Amino acid sequence: MKGLEKILKKKKYIKIKLKKIKTNHLELKAKINGVKGNFILDTGASNSCVGLDHIDYFKLDAKESETKAAGAGATDMETKQSENNLLKIGDWKTNKFHLVLFNLSHVNTALTQHNAKEVHGIIGADILQKGKALIDYSKNVLYLKKTTK
């Protein structure tokens, strides 16, 4: 264990491996409500989100939302929301996980056009802030601080 990793471990940070995919995005595995999924790590996304087609897959309680989503070349998209979900990324977890649900087909089309696999959703800045995230791009590692709750 090298310097940075050792220091972060003492400060209760959890190490999560990231995989660089063909589009140069960083992908990670996570569980929502006990169900495994593949996600892109997106520091520019304000909220974490899941595709509308995965509501049942992740056992989500979806509610209507007034919010419109925009991103990755698409704007003014209808959304739903799901509150108080359990998110687990490696050994890091939170049970107050709020999700935005919208059509991610434009994201997955872009990924498959570059011979990358489709994803279930995006882990965004909301989780990165909650976990006081540090990303080591040279090693493709995400560190999230263990939550106290």
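Refer to the structure above for everything that follows.
Predicted, not measured: the structure shown is a model, and the values here were computed from it.

Colleague: How do you make sense of the overall build of the protein chain when you look at a structure like this?
Modeller: For the protein chain, the helix and strand inventory stands at three helices and eleven strands. The linear arrangement of helices and strands in the protein chain, starting from the amino end, is α-β-β-β-β-β-β-β-β-α-β-α-β-β. Buried residues in the protein chain amount to 41% of all 149 residues. In the protein chain, of all internal contacts separated by at least 6 residues, the share reaching a separation of at least 24 is 58%. Accessible surface for the protein chain amounts to roughly 9,100 Å². Of this, 49% is attributable to carbon and sulfur atoms.

Colleague: Can you help me understand the packing of aromatic side chains in this one?
Modeller: Two measures describe an aromatic ring pair: the distance that separates the ring centres and the angle between the ring planes. A full pass over the atoms with the stated rule returns two aromatic pairs. When the centroid spacing of 6.0 Å and the interplanar angle of 35 degrees are considered together, the rings of F39 and F58 count as tilted. Of this pair, F39 sits in strand β4 (residues 35–41) while F58 sits in the loop between β5 (49–51) and β6 (63–71); the two residues are 19 residues apart in sequence, bridging distant segments of the chain. For F58, a relative accessible area of 0% gives the class buried. Each ring, one from Y57 and one from F58, has its centre 4.8 Å from the other, and the planes form 80 degrees; the classification is edge-to-face. Here Y57 falls in the partly exposed class, since its relative accessible area comes to 39%. An aromatic cluster of three or more residues is present, and its members are F39, Y57 and F58.

Colleague: Hey, could you run me through unusual backbone geometry in this one?
Modeller: Excluding glycine, residues mostly have negative phi values, and the peptide bonds linking residues are mostly trans. Positive phi outside glycine occurs at N33, with the angle close to 50 degrees. As for its placement among the helices and strands, N33 is situated in the loop between β3 (26–32) and β4. Phi is positive for N115, which is not a glycine, with a value near 60 degrees. When you line up the elements, N115 lands in the loop between α2 (105–113) and β9 (121–123).

Reading the values: rules and limits
- All residue numbers here refer to positions counted from 1 along the written sequence of the relevant chain.
- With the structure being a predicted model, the display of local features is reserved for residues of pLDDT at least 70 and the display and counting of side-chain atom pairs for 80 or more, all residues being used for whole-chain, interface and lining totals.
- Just so you know, side-chain values use all the structure's heavy atoms and leave hydrogens and water out.
- Here a helix means four or more residues in a row that DSSP labels H or I, a strand means two or more in a row labelled E, and each is numbered from the N terminus.
- Partly exposed residues are those whose accessible area sits between 20% and 50% of the maximum for their type, while under 20% is buried and over 50% is exposed, using a 1.4 Å probe and protein chains only.
- Contacts were defined at the residue level, with two residues in contact if any of their heavy atoms lie within 4.5 Å.
- Accessible surface area values rest on a Shrake-Rupley calculation with a 1.4 Å probe, where residue burial reflects the displayed protein chains alone.
- Aromatic rings from Phe, Tyr and Trp, with only the six-membered ring used for Trp, were paired whenever their centres fell within 6.5 Å, and each pair was classed as stacked if the ring planes differed by under 30 degrees, edge-to-face if by over 60, and tilted otherwise.

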